[in-house]
Every structure is written in structure tokens, then in C-alpha cells.
Amino acid sequence: MGASKSLESSGEVRIKHSLIKNEEEFVVKRKKAVLQCLKNLKISCSRDKVPHIALLGSGGGQRAMVGLLGSLVQLDKAGLLDCILYLSGVSGSTWCMASLYQEPDWSTKLDTVKNKIIERISGPGVSWGDAMAKLKNYYYGKDLFSLTDVWAVLVVTAFVKEIDEHKISEQQDQHNKDPFPIYTMIDKQCKQQRDGDPWFEISPHEAGYSLTGAFVDTSSFGSQFDNGLKKKQQDEIDMLYLQALCGSALADGQEIRNILWKRIKDPNSPPVDKCYQVLMELADMNLSVLNGKDPSEIDKSIRTKLKDLAGGKRQLVFPVQKLNLADKEAAQLYMKQYTMDVCNYLNSWFSFWPFDVCFSICKCMALWLWGRKYDFLHNMADKAVPDALLESETRDYIDAGLLLNSPYLSVLRKERNIDLIISLDFSEGDPFMTVRESAETCNKLKIPFPEVNIPNEDAKKPKDFYVFKGKNAPTVMHIPLFNLGNCGDEIETWWKKYSTFQGAYSPGMIADLMEVAGKNISNNREKLLEQIGAAVGLKKSRH
């Protein structure tokens, strides 16, 4: 993707509403391939009228991962893949992207790459020993540890079936024949405080806030900065961690808490005397409170074991309290403080592996800490950047699906000049939520976006292809995963079979989903061609 270095080697921050030079160079090269593709499709177009087409993959866990793969395979067979300039994903779609971009110029050999991916995700998972070795590496290898590290090792590996230690910056010169990849997430504090720009993107060249136009060299994302200068180097995040950063909201908060506490209690983990038993009981106690069960017996057992550990000399300071489980908020606050207290107590006796990481995980669970990284904008003085982003030392990055489950905002950066969007929607629930919410968000932010009107009867029985157009706005083609075109009257049955949070799919389930997702492209090849042709025509008329 261009040979020059992303940013100054000092890792300085770039605040500018423009594309980085490498991306500009890539776009020029890629448009030559798009022009050739249009010629092959008998669409007449000149070099300066080549439309900018973005393909979006929504969130949806492994359903999105496999669905995007099936769609891309059919785009390739339809001769349309080389029309795509940008490929951007949220959550599960980024898992598919990460697998594809392991292979240089994957779109020139997609059939082989697809078979390799399917063989891997149908095969055995990562061993407990390898997962623990990776967790240890994450824990000791950087300043800031969070539940994203745990999620990467214990959950993402269960679906992608590998520990991918490649770095995204290594891909800079490996994909001159592929679309430009954009991985997306959001800034948790900006989302919660509704202050600043929550939309965050990572490409092989830079990472940063899409709408603010504040970026840092991808290899320096996570390093500590002060007033735009690197103060302390941290290792670049690897692709396994990136997939966890993008894809950590496969279920609601309560379900995720349940999953993580259960994984922490995994029977494969090595049993170690009383300290280990206390940690397991602490996980049990958190699970009890989460599920509305009285934890007082577990509390008694924890206190007894702690007293034994201290030879009767010390006791847990935290007071015994009868919990009102009906007041969920108060019960969770109590457990947060209780968990921290037990971990701090144990930490004074057992500050070595694996106890130190166990305490750390329990504390992260209590604080619900995800995706914490140093803030590369810390202490800068720039009026273009919201104050909140300049003042904090750290930021927390989470799954973009918690705000908007499709990566529209990344491709709608003004400087990307997108003419046409193909939205592949793998979201559970309302098949039009992402496109509707994008229209509302863009309206508030004064970003051109077409009006979205959908007949009421389509909510439960969506068709397989929708087109939204507007004056001086990109055309949006929206394709819901399960629809009347590829499922007939069986839409509900398909949704039950492929609900978001379940174990890894069997080979048969993968094959069926690949096929049904692919039909959305093969059944609509002519409509896609028509809209690509229309985008070329519109570009000619605008000039």
C-alpha cells in the first residue's frame, strides 16, 4: 500500500482533515484496477470519473465473519470485487478481514484463501497452554492490561481458532491488489459523555479519530505521548488483540460478565491451593449476584479461607453485608468493591504468576475495564480536537457495534469522497437499524446521506436489496443477510440457527451460511451493476 513510511519515524501525531500520503497513493493505484474492472463489465468510464465504492461489513460475531466471506467470494465470481476501493468492518466482519489480509493480494486468489480460512475455523481450537502463554505475554508485555486482552485469548480464539501475532502495519506493502482495509471501533468515554468524536479507525498506516482528523502512526498506537511527542514506546498491537478490540460486544453486558467469569473458572486451568480456590469462589460469588442468587454462603467460605491463608492474623476488612439482590445496581456496586478488596488482600501475599494476572482480571471485571490505551493526544493544544481528548492520559476503546453496528462513519470522511456504499448487514434484530441510525447520525453531523424510507411490512420480511439515493449524497445499497430472496418464508428459522452468541459453527453450518450470504450477491448482480453504472453516470454529470 505504498512504500513510504506512514508518519515521521518519531511517531508524531497528525491532525489534519486529509488522507495520509500513503492512502492517497494507494487510491490512485487502486482506481486503475477499478477502471479495468469497469471496462470488463462493459461500463464506459474515463480515468477521472472512476467512482469511489466502499463495501461495509456490519457486526454479528462469527455470523458476520462467515457471511462477509461468502459475500466476497460471490462478488469475485460476479467480476465485481475489483470495483471496491475500501473494505471496512465492525466487530465480526473485522475477524473475516483479519483472516483475508494475512494473505498478500488475497483477492487475486480468493478461492484458495477462502478454503484455507474455512479449514482453520472448522478445525480444533487453540490449546489452553498456548492461550495462557499468550495471556502471560499480554500481561507482562505492556503497561495497560484490560479485559480486551482476556477476551482476545479466551473468546476470540474460540472462533478464529488461531493466535495471529502479525501486526497490521506489516501489511503496508502487501495489498496493492486488494481494497484498502479500515477496522473500526469507538471511544467509550466519547460515547458515554456524548462529547467529542467517538468514531475511531485503524488502517495499516494510521489509527485515529475519523471525524476529528487526529491520527497517529499505527505502529505507535498504544504508545505513550505527551504534547504530540512519543514519551514511552509500547509494542504495536497484534492482529489477535485488534480483533478483540473491534469485536468484544457479541452479547449484552450481563451475558459477557457471565461468559468471562465462567471462562476464568475454566476446569482446564491449573488448580492451585487455597489462593486459587478463593479466586474461583470470587468468580462464583460474582456469578451468583449477576444471576440474582444469594451469595452469603460463598462469602463465608471466602472469609474463612482468607483467614486461614493469613494464619488467623488478618481478616478481610470489607464488612459482611446482607445484599438486597432486587437492587441490581447496589448489588453490583457492592461486588465491585468486594472483588477489589479480596484481590488487594491476596495480592499482598501472592504477587507472582499466575496469581497476579488472576487478580488483575478480577479487578478489571470489577471496574469493567476494556480496551485501555494511552491517549496519543494527551497534553496537545489544538482547537480542532475536543478538550476531552487532549486532557486524559488514557482512553478506552470498545466494539463500535455498541453505538452503530456498521462502519459508515469511517468511509464517510469527506476526504474519502465515497460515491457508492454497499452495506452488507449481518446484525441480529431490526434489519434496517444500521442504515436508519446512520441516516440520523449523519443528519445531526451534517454529513451528506440519502433519506432512508422503508415500508413497515419489510421489517419482519426484508427483501434482499434496497437502494437509497439523495442529492449530493452517496448512493447506499443495503443488503440484509436473511431475507425473502435467499430464505423464502424461513427467515425466522435461519435467525434461530445463527444467533449471535453460540459455540463455534460446525463445517455444515459454515457451508450453509456461505451459500445463503453469497446468494445476496449472485441474485442481485444485475442490480449491483446498474447502480455502479449509475454512479459513473452521476460522476460524469457532476463534472
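Anything mentioned here points back to the structure above.
Residues numbered from 1 in each chain as written. Predicted model: local features only at pLDDT ≥ 70, side-chain atom pairs only at ≥ 80, totals over all residues. Heavy atoms only, no water.

Regular strands place side chains that alternate from one sheet face to the opposite one. Across the six residues that make up strand β14 (residues 475-480), a large majority, six, are buried. Inspection of the sheet shows strand β12 (residues 420-425) paired to β14 by six bridges, in the parallel sense. Its bridge partner being in β14, S423 is matched across the sheet by H478. Looking at chain direction, strand β13 (residues 466-468) and β14 are connected through three bridges and run antiparallel. Within β14, the position partnered with V467 by the bridge is M477. In textbook terms, the turn of a hairpin is the stretch between consecutive antiparallel strands, and for β13 and β14 this stretch comprises six residues, one of which, N472, has a positive phi near 55 degrees. (Buried < 20%, exposed > 50% of the residue type's maximum accessible area, 1.4 Å probe, protein only. Helix = DSSP H or I, 4+ residues; strand = E, 2+ residues; numbered from the N terminus. Pairing = 2+ DSSP bridges.)

Attention now goes to the pairing of strand β3 (residues 86-89). Covered by surrounding structure in β3 are Y86 and S88 together with L87 and G89, the residues of both alternating faces. Of the pairings in the sheet, the one linking strand β2 (residues 53-57) to β3 comprises four bridges and is parallel in character. Bridging across to β3, L55 finds its partner in L87. With helix α2 (residues 61-77) bridging β2 and the parallel β3, this β-α-β connection has right-handed handedness. Judged from the four bridges that link them, β3 and strand β4 (residues 180-187) form a sheet pairing that is parallel. For G89, the partnering residue across the bridge sits in β4 and is Y183. (Right-handed = clockwise from strand over helix to strand, strands pointing away.)

Our next topic: the packing of aromatic side chains. Within the structure shown, the criterion is met by 24 aromatic pairs. Residues Y139 and Y140 carry aromatic rings whose centres are separated by 5.1 Å and whose planes lie at 75 degrees to one another, so their mutual orientation is edge-to-face. The buried category is assigned to Y139, whose relative accessible area is 18%. Consider the rings of F432 and Y466, whose centres lie 5.0 Å apart with planes at 85 degrees: the pair is edge-to-face. Placement of the pair is F432 in the loop between β12 and α16 (433-445) and Y466 in strand β13, with a sequence separation of 34 residues. With respect to class, F432 is no different from Y466; both count as buried. Site record: aromatic cluster; members linked through ring pairs are F200, Y209, F221, F376 and Y397. Positioned above the aromatic ring of Y138 is the side chain of K142, whose terminal nitrogen or guanidinium carbon lies 4.9 Å from the ring centre. When the ring centre of W494 is taken as origin, the NZ or CZ atom of K497, which lies over that ring, is 5.4 Å away. (Phe/Tyr/Trp six-rings, centres within 6.5 Å; stacked < 30°, edge-to-face > 60°. Lys NZ or Arg CZ within 6 Å of the ring centre and 35° of its normal.)

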